[in-house]
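One-letter residues, chain by chain:
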Amino acid sequence: MSRWRAAAARIAAAADSRMLSRAFSKAGTPAPQPTSRAFSKAAAAKSRSPSFAAAAATPTASGARPEVRLNSMFLSKPCSLALLPDSPLRVEEPRFEGIKHFMLTLLLFYSKQSKSIRGANVVYHRITSQVDKSDIYDVFQLEKTFKTTFSLLVLHMWLILRRLKEEGKDGVKFGQYIYEIYNHDVELRVSKAGVNLLLTKWMKELEKIFYGNIVKYDAAISLDACQGDLVNVIWR
């Protein structure tokens, strides 16, 4: 079992375990109950039935790649990636004059670090706006779960960070600001998924997965890589 599958299984187990009964009770959601003996007997009897055996013997498509709706990918014509003037994703740098500009200057609002942090927030907002769109899930027939969303988030982060490396030291530093925002967002997403206990442990596991995927993506587009390596790595 890969590291990602093991971590995902442990997260799911933690969310369903009795250890989270208090978290469920605070949220007003009943904690998961253990399976009764009567249900176990009924399930065992059902598994021995001919119809159930035939269904179990039928090969499923769970291990196969889902159907890709290529026609759904090209509903719009090619256009510029630049944001429209009235786009809600466009963020303009605030401009102040007079005493406001003077006070903000004293508070280092216009410093290089402050501008970089605001810019990193804008870039990461663009990333999440793409990851949370339903289009990519519909095209590739993906179920919108924490696993798929996290995988897409890591993929988009890799694209951004690799591009920023080409800008030298300033690009790497700007990418670090984006990575810090990413970590905070992932922590919130893990909490929303129902894992509130041992959060630090899960964050460390997800961090290992992040860096592991980054290394694999880089290797898949290196000069020594074969055609199709990137596709296979993304699928895994």
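Details of the structure are given in the entry above.
Summary of the structure given here. (Residues numbered from 1 in each chain as written. Predicted model: local features only at pLDDT ≥ 70, side-chain atom pairs only at ≥ 80, totals over all residues. Heavy atoms only, no water.)

### Focus: the overall build of the protein chain
And then number 1: Summing up its helical and strand segments, the protein chain has 11 helices and 0 strands in all.
And then number 2: N-terminal to C-terminal, the α/β element order of the protein chain is α-α-α-α-α-α-α-α-α-α-α.
And then number 3: In the protein chain, which comprises 236 residues, the proportion classed as buried is 24%.
And then number 4: Partitioning the intrachain contacts of the protein chain with sequence separation of at least 6 by distance along the chain shows that 65% fall at a separation of at least 24.
And then number 5: Carbon and sulfur atoms make up 60% of the accessible area of the protein chain, which amounts to about 17,400 Å² in all. (Helix = DSSP H or I, 4+ residues; strand = E, 2+ residues; numbered from the N terminus. Buried < 20%, exposed > 50% of the residue type's maximum accessible area, 1.4 Å probe, protein only. Contact = heavy atoms within 4.5 Å. Areas by Shrake-Rupley, 256 points an atom, 1.4 Å probe, with all protein chains shown as cover.)

### Some points on helix α8 (residues 146-165)
Since there are 3.6 residues in each turn of an α-helix, residues three or four apart along the chain are aligned in direction.
And then number 1: For α8, with 20 residues, the first-to-last C-alpha span of 28 Å sits near the 28 Å given by 1.5 Å per residue.
And then number 2: Of all the positions in α8, only Thr148, Thr149, Phe150, Leu152, Leu153, Val154, Leu155, His156, Met157, Trp158, Leu161 and Leu164 are classed as buried. (Expected span 1.5 Å × (residues − 1).)

### Some thoughts on the pattern of salt bridges
And then number 1: Enumeration over the complete set of coordinates arrives at 6 salt bridges.
And then number 2: A salt bridge links Arg189 to Asp132; its shortest N-O distance comes to 3.4 Å. Here Asp132 lies in the loop between α6 (112-131) and α7 (135-139) and Arg189 lies in helix α9 (residues 169-192), a separation of 57 residues in the sequence.
And then number 3: A residue is classified by how much of its surface remains accessible, and Arg189, at 19% relative accessible area, is buried.
And then number 4: On the basis of relative accessible area, Asp132 is assigned to the partly exposed category, the value being 35%.
And then number 5: Residue Arg189 pairs with Asp185 through a salt bridge whose shortest N-O separation is 2.7 Å. A residue pair is termed a helical-turn pair when its members lie 3 or 4 positions apart in one helix, as Arg189 and Asp185 do in helix α9 at 4 residues. In this pair, the class of Arg189 matches that of Asp185, namely buried. (Salt bridge = Lys/Arg side-chain N within 4 Å of Asp/Glu carboxyl O.)

### Focus on empty space enclosed by the protein
And then number 1: All told, the structure shown has 1 cavity of 30 Å³ or more when counted by the stated rule.
And then number 2: Volume-wise, the largest cavity comes out at about 40 Å³.
And then number 3: Lining the largest cavity, in full, are Phe146, Thr149, Phe150, Leu153, Val186 and Arg189.
And then number 4: Elements that contribute at least two residues to the lining of the largest cavity include exactly α8 and α9.
And then number 5: Here the element with the most residues in the lining of the largest cavity is α8; it accounts for 4 residues.
And then number 6: The residue makeup of the lining of the largest cavity, split by class, is 4 nonpolar, 1 polar and 1 charged. (1 Å grid on protein atoms, 1.4 Å probe; cavity = no way out; pocket = protein on both sides within 12 Å on 5 of 7 lines; lining within 4 Å. Points joined across faces, edges and corners; volume = space filled by probe spheres on them. Nonpolar A, V, L, I, M, F, W, Y, C, P; charged D, E, K, R; others polar.)

### Topic: the nonpolar core
And then number 1: With 33 residues, the main nonpolar core has Tyr124, Met157, Ile178, Tyr182, Val186 and Phe210 as its most contacted residues.
And then number 2: For this core, the elements supplying multiple residues, two or more each, are α6, α8, α9 and α10 (199-220). (Core = buried A, V, L, I, M, F, W, Y, C linked by side-chain atoms within 4.5 Å.)

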